[in-house]
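One-letter residues, chain by chain:
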Amino acid sequence: MTALPLTIGVLGGMGPAATIDFMAKVLRHSQAGAAREQDNVRLIVDSNPSLPDRNAAVAGTGPSPAPGLAAMARGLEAAGAQVLVMPCNAAHAFADAVKEATPLPFLHLVEETVAAVTSDHGQARRIGVLAVNGAAEARLYERALEARELQPVVPDQATRAAFMEAVWQIKAGDLARGREGVLEAAMRLIEQGAEVIIAGCTEVPLVVGPEDLPVPLIDSTDILAQRAVEFARGAA
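Quick notes on the rules
Residues numbered from 1 in each chain as written. Predicted model: local features only at pLDDT ≥ 70, side-chain atom pairs only at ≥ 80, totals over all residues. Heavy atoms only, no water. Pairing = 2+ DSSP bridges. Helix = DSSP H or I, 4+ residues; strand = E, 2+ residues; numbered from the N terminus. Axes fitted to C-alpha atoms, helices over the stretch in contact; angles between N-to-C directions. Contact = heavy atoms within 4.5 Å. Core = buried A, V, L, I, M, F, W, Y, C linked by side-chain atoms within 4.5 Å. Buried < 20%, exposed > 50% of the residue type's maximum accessible area, 1.4 Å probe, protein only. 1 Å grid on protein atoms, 1.4 Å probe; cavity = no way out; pocket = protein on both sides within 12 Å on 5 of 7 lines; lining within 4 Å. Points joined across faces, edges and corners; volume = space filled by probe spheres on them. Expected span 1.5 Å × (residues − 1). Polar contact = N/O pair within 3.5 Å; in protein donor to acceptor, adjacent residues only side chain to side chain.

Points about the sheet that holds strand S6 (residues 151-153)
At step 1: Strand order in the open sheet formed by 4 strands is S6-S5-S7-S8, and the pairing between neighbours is parallel. Here the strands that pair on one side only, and so sit at the sheet edges, are S6 and strand S8 (217-219). Sheet twist, expressed as the mean angle between neighbouring strand axes with direction ignored, is 30 degrees.
At step 2: Relative to S8, strand S7 (residues 196-199) runs parallel, the two being bridged by 3 bridges. Across the sheet, residue Ala199 finds its bridge partner in S8, namely Asp219.
At step 3: Across the sheet, helix H10 (residues 220-232) is in contact with S7 and S8; its angle to S8 comes to roughly 50 degrees.

Given below as structure tokens:
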């Protein structure tokens, strides 16, 4: 008898649409290895948009989401989760709170994404990063890229401010205006020499795809979804 895949616990709601996008991508990757409905991986999802803003927390102007994230992790473990994921890049500034809350394995979104860049685009040295203020100020992608001797290409202050406004528009459901701002920020990074762009915010793939840019776009949401399915099935 074939062993069942591990149950994936999702710390979500940051934001809600990005969590739903992650779930859809998990299903797509799961279906690729499923002969029937019962072969798909199981998700237990806590979509909690009430968590404190990660950007303000990193900046020191708002409360930390760490206690809430730890409580979510423990709740998912109690509900039967066997591996944890968190489809929000900025929240990984508080990933230690999740890892310390339970003994469950935790797939780190930033590390998995940068690993995919090095494996799939090994010739690229200048990597553009589209990330919100919290992730940028915590240097989540910058540190991960520099550890692999890659050069992060990041927006200037004005471009980041415009990108943040675009992300808030996406979170509010104004996808058309959000898309315009995201594309403009991506093109600025390409003008700065970025050979690859990391969608280091899970709202980005809601409005922009690889076909929209002249360089490869790395969808961190999709990377995490694929790795979660592989891990759940024991292929990682």
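Back to the text.
Quick word on the nonpolar core
At step 1: Grouped together as the largest cluster of nonpolar side chains are 67 residues, with contacts concentrated most on Leu11, Leu69, Leu84, Phe163, Val182 and Ile197.
At step 2: Contact partners of Leu69, with chain neighbours within four places excluded, come to Leu11, Met14, Leu51, Met86, Ala91, Phe94 and Val98.
At step 3: Within the second largest apolar cluster, 14 residues are counted, among which are Val10, Leu107, Leu224 and Ala228.

With respect to the layout of surface pockets
At step 1: Of the voids in this model, the second largest pocket is the one considered here, and its volume is about 160 Å³.
At step 2: Along its surface, the second largest pocket is lined by His92, Ala93, Ala95, Asp96, His108, Val110, Glu111, Leu140, Arg143 and Ala144.
At step 3: Listed by contribution, the elements that provide at least two residues to the lining of the second largest pocket are helix H4 (95-101), helix H5 (109-120) and helix H7 (140-146).
At step 4: Broken down by element, the residue count for the lining of the second largest pocket peaks at 3 residues, all from H7.

Points about H10
Every α-helical turn comprises 3.6 residues, leaving residues that sit three or four positions apart pointing alike.
At step 1: With 13 residues, H10 should cover 18 Å at 1.5 Å per step; its first-to-last C-alpha distance of 18 Å lies within 8% of that length.
At step 2: Among the residues of H10, Ser220, Thr221, Asp222, Ile223, Leu224, Ala225, Ala228, Val229 and Ala232 are the ones counted as buried.
At step 3: The N-cap of H10, judged by a side-chain oxygen 2.9 Å from the amide nitrogen of Thr221 a few residues on, is Asp219.
At step 4: After H10 finishes, the residue Gly234 shows a positive phi value of roughly 80 degrees.

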